[in-house]
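# Descriptive structure summary
Now for the letters of each chain:
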Amino acid sequence: MSGAREKKRAKKMRNQPASVTLPAEPGPFAGGGSRACPSPGDVRSEQQQQKFSNQSSGPSNRKDQCFLKGQSRGERGRGRGGWQGGHQSVSEEMPKYITVSAFAQARAAEISAMLKAVSQKSSNSLVFQTLPRHMRRRAMSHNVKRLPRRLQEMARKEAEKAVHQKKEQSKTKCRKARRRHINLVAEFNHRQRKNIWLETHIWHAKRFHMVKKWGYCLGNSPTEKCYRACYRAMTKQCLLQDLSYYCCLELKGKENDLLKQLARICSIDAGLTFQEASCLSGRFEGSLNLYRADRYPEDMLGPVTFIWKPRDGSENRQLWIWVHPALKQDILRELKAIFQCSEPEEICISEPVTSNQEEKQVEVMSLGNKRKKEDKEGEKAVPVKKIIGDGTRDPFQSYSCISRTTGIAISDRSMEILRYRLIGPLSHSVLTDTLKAASVQTEMADSETELNNWWVENCKDSEKVSLHQCQSAIFELLEGMGSPSDMPPGTILGLTVGDPRVNLPKKKTKATPDFEKFLDNDKVRQLYLKGVPADCAHSFIWDQDICKNVTENKISEQDLNHMRAQLLVPGSHLDLGPCESKIPILLVQQPGKMAGEDRPGWGSGWDIYLPKGWGMAFWIPFIYRGVRVGGLQEALKHSEYQRTPHTPNDFPDCQAGMQFAKEQETSLLEKFKRRPPAKRANFVKLGTLSPFICPWGQLTKNWEGRMKASGGFLCPSSPHPDCCTTEGQTLCDPKAEKEEEEASPENGEAEETMEITSSDGALETEDVTSSQDFGERDESKTSDFIVLRSEKLLMQLSAWCYPTAGKDRRIRLISRLGQQEMTEDVFLPILMSYPRALVWVNLSLLRKGNPELHAMICIPTEDDLLHLSKDKLFCGPQEPKHRDVFKDKVQKQKEERKKKKKKDNVKSLESDPAGIPDEEATEDHEDLILGLWSDALPDVTSHCSRTVLGYVTRGDFSLAVGCGEALGFVSLTGLIYMLHNQPADKKGLVLLRTPASLQYRFARLNIEV
């Protein structure tokens, strides 16, 4: 029998009972009986049979060698006493006497085993599937009487199980009933109980891969192949994104009280603050990083953007803080703490009306209910109750609170204000082609409705009319600008526009700028130089009552299509006149890439803020102007090409960043386990300690320990000491490794390998064991490291990274940058102030190579730099292969698991399967995974032949520069150590190594501020 047949037979027989052994006294007979005293004839017959069997088995010994040990061909094929060696042998003579009780007991055991095997199913197939194919009928699956009578009883038992019972049919079977609007809305609300939909959800769901994140259902990436097309749109055309999932926190109160408390959660050392004069006037949008009150630079909360409402003459101000949904809870909790807001301003939830299909509803109507008819009085049925809320807040809780002492109110306006983003140089053309300024209206179109009543009242004021005309003139000038980056960064323009659905083109077109129209216009030049005036930043979108009026009085799509159908000339322009809706919006310029010297202004665009309910009314007209839509992955690439941190991926020192890293580690580990063991990368042999998460805490702690152990880690005797060895701590020495390999009896590999443990054995075990891994740290605890965000220090480090000699030296030298030279008197105070700090860096590969996630950033040795200077095509050194010290443990655990499984199978066959399992079987043992480091991590800096400096958080081939680029963090201590010891013409050169490779690649390290 071949190996495949043996496996197939073993699979079929795995549930069959084992061979039955009789508990009677032993005897030579199969029945278990014995003879008290054999007669002389019996003895003689036994001797003759033994002689005959020895003679007959002689020629067949050579053929029987292929079978198992102790098993002849006859035993394998026919059983004992049957066919042996291809010849029929003489079986033992029948016994003259048997013990009846033992014989009956043996037969009873065999019969019970046979009945058990017959009644027990050996597979997961149904009863009718066990029949031969020529006897099967389709009706057997639902009609038991179609089966043979011997199988009908078993089929009835299967049908009684809940798994095979028919599901209840929906009351509304027809598609027409399911597609009714009221039933659709009820079904959509039922499907978004846990993850809220955006207003553009249905449009995205048909064209994007959807993911559930942060309480929302968001589009991750388009289903079509458009990676390069999206990059071209960001570079030369226009890309559209829906950022309505961002959360808006509104603060109202006196300006001095607001600024006094907000100054506690930010620092001027890290950049802008809420007191910035240009932002405080309402002309520009600001961005900053928030920390817990009076805790800078520790306890990071996350990055935010903020907008002040322009002054209107009163002492009360209004502030919008836009935060990522992953950061919302921490920031909102801190704001309530510093302003002492605990008392709810409103106990009941307001009930504004939202848009057509994406409304959030409290009561979910059952799909079986028919549409309610009008009652006797002619009144229509009451619509389903609507609520406001987003995926990060309980809709039944109060969304506003007020401080008793200062009177400052904090409101959560998430999902109340929609936010779209246009990226690319054609953003101006798309905006001006899609949106048209609202016309001045002084009379009501219909006295019975409240449509545009707020606009009519404001148009009666001449000052507001002149302001609207000024805003409209500036908005029209945008078409004559080449790129959004030409505007001052963060410019804000308020505007009131008409219904964009009225100007919808017949076909999709591509918006193009008209430069000839504004070629000699002085107003465009003034807009370049001075920007938008402070008065033009005013918008009615700040008023909640106006936003509510605009949302409730929106003309439905059905009514709009009915008006189009009544046009005399089909397809002509639809003029609604005074019945056209007026929508207040806010335009905020996004500056794009500002740091660094290359590609200034890349990725610039505009953000559009809208009242809720108007999402699709603006989305479709944008689509018809030729924009390309991106999702979360496109937003990630946008920030990657700008070389800016992305929220929350690149903020490891805040709670959201830690949670993201933990979830990412779990996802990568599950993906690693899904691969067959033979197809997995052995990260232990590759020298990768943590392939799925970056151990930032241990990295900074190890560098701090190296500095303390060496008394400043600097060797004054040698200007450029070897980077692989430091005083007081020796790295892996190849000679010592070879000696250890020769002493190890388990080493049978011929190639050069590296020992996993370092030469000094303990290697600061106290620090390693006391420090927790980043992924396993409790979320309630603060991180044991910080990220350096001081602009002054970052500019100093950026100047030190420039080569000051050789062909690669920069034009802007350190003296021109106004920074100090790199001396011990300058950088030692920095190290004392920030012993455990990380620095955000970007890396560009010198040659080929594609950096990946969690790649290691290492310090090159003197030999590496010397080899590179001699051979310009030198791609980089290779890491010697390490020895897997966990291989024997994994193999031993695997064997123990097999033995335990075999033991459990025997127990389950002998005992009742419904019995209680053993305690040993229920014990959970921590499984060792082949290829992963199982113990506590050793010193991560000196584990490999090149000293580890940091890790990559994002890396890929960059279409913007045409080579591999990476973004990540490095230790501040290690960075200063490397820059101090590198030659002047090799400043900023590092090595990159991906987790699943032994090849190092040279890269240039830069810090852009």
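Only a predicted model underlies this, so the values are computations on that prediction, with no experimental measurement involved.

On to the pattern of salt bridges, then. Using the criterion set out here, one finds 32 salt bridges in the structure. Put simply, Glu-110 and Arg-107 hold a salt bridge, and the shortest N to O gap is 3.1 Å. With Glu-110 and Arg-107 both in helix H4 (residues 100–119), this residue pair falls three residues apart, about one helical turn. Residue class for Glu-110 comes out partly exposed when judged on its relative accessible area of 40%. Its relative accessible area of 24% is what places Arg-107 among the partly exposed residues. Connected via shared salt-bridge partners are Lys-593, Asp-598, Arg-643, Glu-965 and Glu-1008.

Summed over the entire model, instances satisfying the criterion amount to 10 cavities of 30 Å³ or more. Here the largest cavity defines a volume of roughly 160 Å³. Taken together, 16 residues form the lining of the largest cavity, with His-204, Gly-219, Asp-242, Tyr-245 and Gly-631 sitting closest to its centre. Counting only elements with at least two residues in the lining of the largest cavity, the list comes to helix H8 (201–205), strand S5 (216–222), strand S6 (239–242) and helix H20 (632–642). Element by element, the count of residues in the lining of the largest cavity is highest for S5, at three residues. Broken down by class, the residue content of the lining of the largest cavity amounts to eight nonpolar, seven polar and one charged.

Below, the discussion takes up the nonpolar core. Core analysis: the largest hydrophobic core is formed by 65 residues, its most contacted members being Val-839, Leu-843, Leu-972, Leu-1005 and Ile-1007. Looking at this core, the element that brings in the most residues is strand S21 (residues 837–845), giving seven residues. Dropping the residues within four chain positions of it, Leu-1005 is found in contact with Cys-801, Val-841, Asn-842, Leu-843, Val-970, Leu-975, Gly-988 and Val-990.

Quick look at the environment of Asp-446 now. Residue position: Asp-446 is located in the loop between helix H13 (427–434) and helix H14 (453–459). On the basis of relative accessible area, Asp-446 is assigned to the partly exposed category, the value being 33%. Through-space distance from the C-alpha of Asp-446 to that of Cys-579 is 8.1 Å; in sequence the pair is 133 residues apart.

Attention now moves to the packing of aromatic side chains. As enumerated under the stated definition, the model contains 27 aromatic pairs in all. On the numbers, 4.8 Å between centres and 50 degrees between planes, the contact of Phe-274 with Phe-306 is tilted. One end of the pair, Phe-274, is in the loop between helix H10 (255–262) and helix H11 (277–280); the other, Phe-306, is in strand S9 (residues 300–308), with 32 residues separating them in the sequence. When its relative accessible area of 1% is taken as the criterion, Phe-274 is described as buried. Given a relative accessible area of 0%, Phe-306 falls into the buried group.

In this section: the packing of helix H27 (residues 824–833) against helix H31 (residues 972–981). Two elements in contact, H27 and H31, have axes separated by 10 Å at closest approach and are oriented at 165 degrees. What the angle tells us is that H27 and H31 run roughly antiparallel. In this structure, the crossing between H27 and H31 has a hand that is left-handed. Mapping the contact onto sequence places Phe-827, Ile-830 and Leu-831 in H27 and Leu-972, Thr-973, Ile-976 and His-980 in H31. When the residues that make up the contact of H27 with H31 are grouped by side-chain class, the tally is five nonpolar, two polar and no charged.

For the rest of this paragraph, the subject is the pairing of S21. Counted residue by residue, S21 has nine buried out of nine residues, so it is predominantly covered. Burial of the side chains of S21 extends over both faces: Ala-837, Val-839, Val-841, Leu-843 and Leu-845 are buried on one face and Leu-838, Trp-840, Asn-842 and Ser-844 on the other. Across two bridges, the pairing between strand S20 (residues 786–787) and S21 is parallel. Bridge pairing in S21 links Ile-786 to Ala-837. In the sheet, S21 pairs with strand S27 (residues 1001–1006) via four bridges, with the strands oriented antiparallel. Residue pairing for S27: Leu-845 is matched across the bridge by Ala-1003.

If you trace the three strands from one edge of the open sheet to the other, you get S3-S5-S4, paired in mixed fashion. Of all strands in the sheet, those with a lone pairing partner are strand S3 (196–197) and strand S4 (208–213), marking the two edges. As paired elements, S4 and S5 share six bridges and run antiparallel to each other. The partner of Val-211 across the bridge, within S5, is Leu-218.

Our focus in this paragraph is the packing of helix H9 (residues 227–236) against H20. Describing two packed helices takes the angle between their axes plus the distance from one axis to the other. Orientation of H9 relative to H20, taken along the N-to-C sense of each, is 55 degrees, at an axis distance of 11 Å. When the axes of H9 and H20 are compared, the pair comes out oblique. Two packed elements cross with a definite hand, and for H9 against H20 that hand is right-handed. In this structure, H9 uses Tyr-227, Cys-230, Tyr-231 and Met-234 to contact H20, whose residues at the interface are Glu-634, Lys-637, His-638 and Tyr-641. Classifying every residue of the contact of H9 with H20 by side-chain character gives five nonpolar, one polar and two charged.

The rules behind the values
- Residues numbered from 1 in each chain as written.
- Predicted model: local features only at pLDDT ≥ 70, side-chain atom pairs only at ≥ 80, totals over all residues.
- Heavy atoms only, no water.
- Salt bridge = Lys/Arg side-chain N within 4 Å of Asp/Glu carboxyl O.
- Helix = DSSP H or I, 4+ residues; strand = E, 2+ residues; numbered from the N terminus.
- Buried < 20%, exposed > 50% of the residue type's maximum accessible area, 1.4 Å probe, protein only.
- 1 Å grid on protein atoms, 1.4 Å probe; cavity = no way out; pocket = protein on both sides within 12 Å on 5 of 7 lines; lining within 4 Å.
- Points joined across faces, edges and corners; volume = space filled by probe spheres on them.
- Nonpolar A, V, L, I, M, F, W, Y, C, P; charged D, E, K, R; others polar.
- Core = buried A, V, L, I, M, F, W, Y, C linked by side-chain atoms within 4.5 Å.
- Contact = heavy atoms within 4.5 Å.
- Phe/Tyr/Trp six-rings, centres within 6.5 Å; stacked < 30°, edge-to-face > 60°.
- Axes fitted to C-alpha atoms, helices over the stretch in contact; angles between N-to-C directions.
- Parallel < 35°, antiparallel > 145°, perpendicular 65-115°, else oblique.
- Left-handed = near helix turned anticlockwise from the far one by under 90°.
- Pairing = 2+ DSSP bridges.

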